[in-house]
Amino acid sequence: MRHIVSLLMENEAGALSRVAGLFSARGYNIESLTVAPTEDPSLSRMTIVTSGSEEIIEQIFKQLNKLVDIVKLADISEGNHIERELMMVKVSTPSDQERAELKRMADIFRGRILDVTDETFIIELTGNGSKLDAFLSAVDSNLIIETVRSGATGISRGSRALRV
Amino acid sequence: MKLSGAEIVVQFLKDEGVEYVFGYPGGAVLHIYDALFNQEEVKHILVRHEQGATHSADGYARATGKPGVVLVTSGPGATNAVTGIATAYMDSIPMVIITGQVATHYIGSDAFQEVDAVGITRPCVKHNFLVKRAEDLAETLRKAFHVATTGRPGPVVVDIPKDTTDPNIKIDYEYPGEVEMRSYQPVVKGHPGEVSRAIDLILSARRPMIYTGGGVVLSNADVELIEFTRKLGYPITQTLMGLGAYPASDKQHLGMLGMHGTYEANMAMHECDVLIAIGARFDDRVTGDVKQFCPDAKIVHIDIDPSSISKNVRVDIPIVGDIKHVLTDMNKALKASKKKPDAKLLDQWWQQIETWKSKNCLRYDRNSALIKPQFVIEKLHEVTGGDAYVTSDVGQHQMFAAQFYPFDKPRRWINSGGLGTMGFGLPAALGVQLAYPDSQVACVTGEASIQMCIQELSTALQYMLPVKIVNLNNRYMGMVRQWQEFFYDSRYSHSYLDALPDFVKLAESYGHVGMRIEQPGDVEGALKEAFAMKDRLVFLDFITDQTENVYPMIAAGKGHHEMHLSPERELA
């Protein structure tokens, strides 16, 4: 089962490597990991997408909780939540036909074109992972020059919140 | 008070009540060593290798319950300490290890004696810190002691760059006292609902079993455990790490369990219907094949570390909390409960256990013309009145000591259970002897293990630590040899130690007393003579039977009921 682990940790040097080290030392999966400071500069928020059996997920939570730098964590995929990932795709636009087609495709997926040159577009898309995957498979793969994805972030719906 | 960073480190240790620091100087910690000079309160014990410093501090911590403190330099000082840090981590021993680091502006430049100590130690510490400002030293050190000694204890590394301890920069210092850490708040009290569910299950057991581990010792909960066990009248077994919390000579005690546990303890585990696990972590050496582990049992598990619960074996009633608190609550609940254990069923269960006991699984050949290692340990128990602190290294001798020296008090049995570190015994014994100068301290070892930290014989002389080394010398890495005999058709690949030193002369050259004992009839006399020498370290080199194996034995990956007893009484 896929789970989204959201956690708040002390914004200190080495905190990220404690989390990454834990996952590699114990052989847990990481599908994606994102981290950035929060509005409180002493705290960072990390989102880890992982998968495993019920027992493994339970251990992941317990082991993360044990790390001294981690203040709070939650499995946001347990309840209603919103998941978003950002992707930027650089595509080649050899002719007007491709330019029109890619513009149309970006519109269908509610993407935005951030950069235009004679030969390329950069298209920005946000959504959950499967929407981004769908866009990539809808576009002629020969046209894709480069993609970059942020990894998933997420937040619980309603009044549930991860805060100190 | 205005102090330099180096002076803050030393003043802090005084204010923290640290009695001994085990260490070895070097470039990055010279400012701190200078601050240690000309003061008496914090006593520095100069070891001969940083691994020895960590094991000595560890032995001190295990025997006293107080945190062990280590001071080593950067680079090789830190890496040499890693084995000892990992040893303490695996057995949850409170320690604070101060490692020097190159000056902050050199960090990352591959400077002389630079290693990323925080990175290297990260997977084998409870937590670690890099202190880049002298202003942060006192609070960080306080946090280190707080984290090391509370919750599930463990080693904490504090890495201090040389410029942080600059003697020319003086800043304000005040002992920080209590620290609050929002990200670290260990649970102490058990959940009352779970406690009462557990009591209900425990009192309805037909074939109960209590299984305890090192957590009981760490939590100083021996008195509460004894009350709990006696009140219930249930059988109890202890892990290698738990030995001594419940008196081994008590009739309810079935001995150690696991790979080299007793027949009765392992069979009772296999047949029980309610298992009460207290401060034990279901290690693979204890459980054997987890699929066959306690097949009929409902399991209650009390532990301070939530991640220990349902890690290897699923449990039915988890109680997270400090064992001393939880057992106190459980004892109260037992007293208040109207329900009592079913005396008739319990009696039947004890009768079953008696039949297992009658196998006399720890029997060995007492008429042998060669010295049997078990015999030496039994005599050691006799000569020391069962009241010694016994440290050990790792291997057959460790198992013989655990099996044949019944520990009736906690913190008397000091060994590397989790990591299994050869070389642990001697330096650990030095730490114990420092803590208890008037007590008998024996290091049970083998000729392979002892050579891994033999240099600490020199430390022992410097500080006049009269440890008695009981070397069970079978000229083999005994446990390796045993596995090779059983599982590799007696192909003794590199387990025989050619070119052994003359241990008597070796001990003498280090300034100690050495004895070689080759006849069973001389064992007792030699031990008596050695322990009578109250102010001398004595190295007793017992030449033992090379072919002796540790029994009973559960082969790796087998179930508790699939034990091998010694050959002449193999189970049908």
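Residues numbered from 1 in each chain as written. Chains lettered and ligands numbered in written order. Predicted model: local features only at pLDDT ≥ 70, side-chain atom pairs only at ≥ 80, totals over all residues.

Caption draft 1: Fine view of the overall build of chain A. Broken down by element type, chain A carries four helices and nine strands. Written out in order from the N terminus, the α and β elements of chain A read β-α-β-β-α-β-β-α-β-β-α-β-β. Dimensions of chain A, computed from the C-alpha atoms along their principal axes, are close to 55 × 35 × 35 Å. Taken across its 164 residues, chain A has 24% of its residues classed as buried. Counting contacts in chain A only where the partners sit at least 6 residues apart, residues at least 24 apart contribute 74% of the total. (Helix = DSSP H or I, 4+ residues; strand = E, 2+ residues; numbered from the N terminus. Buried ≥ 20, exposed ≤ 12 C-beta atoms within 10 Å, placed from the backbone. Contact = placed C-beta atoms within 7 Å.)

Caption draft 2: Up close: the sheet that holds strand E6 (residues 127-130) of chain B. Residues and elements named next belong to chain B. Taken in spatial order, the six strands make up an open sheet running E3-E2-E4-E5-E7-E6, and their pairing is parallel. Single-partner strands in this sheet number two, and they are strand E3 (43-46) and E6. When strand polarity is set aside, the average angle formed by the axes of neighbouring strands in this sheet is 20°. Note: strand E2 (residues 20-23) against E3, four bridges, orientation parallel. Residue pairing in the sheet places Phe 22 in a bridge with Ile 45 of E3. (Pairing = 2+ DSSP bridges. Axes fitted to C-alpha atoms, helices over the stretch in contact; angles between N-to-C directions.)

Caption draft 3: Region of the structure containing the pairing of strand E5 (residues 81-92) of chain A. Residue and element names in this part refer to chain A. Relative to strand E9 (residues 153-156), E5 is paired through four bridges, and the arrangement is antiparallel. Its bridge partner lying in E9, His 81 is registered against Ser 156. Relative to strand E8 (residues 144-149), E5 runs antiparallel, the two sharing five bridges. Counterpart to Val 91 in the pairing with E8 is Ile 144.

Caption draft 4: Main features of the sheet that holds strand E3 (residues 43-51) of chain A. All names here are of chain A. Strand order in this open sheet of four strands is E2-E3-E1-E4, and the pairing throughout is antiparallel. The strands lining the two open edges of the sheet, one partner per strand, are strand E2 (32-37) and strand E4 (70-75). Mean inter-strand twist for the sheet, computed between neighbouring axes without regard to direction, equals 15°. Here nine bridges tie strand E1 (residues 2-10) to E3, and the two strands are oriented antiparallel to one another. Note that in E3 the partner of Ile 4 across the bridge is Val 49.

Caption draft 5: Highlighting the pairing of strand E6 (residues 112-116) of chain A. Residues and elements named next belong to chain A. Burial within E6 is sparse, with just zero of its five residues counted as buried. Bridge count for E6 against strand E7 (residues 120-127) is four bridges, and the pairing is antiparallel. Counted as the bridge partner of Ile 113 is Ile 123 from E7. Linking E6 back to E7 in an antiparallel pair, the connection comprises three residues.

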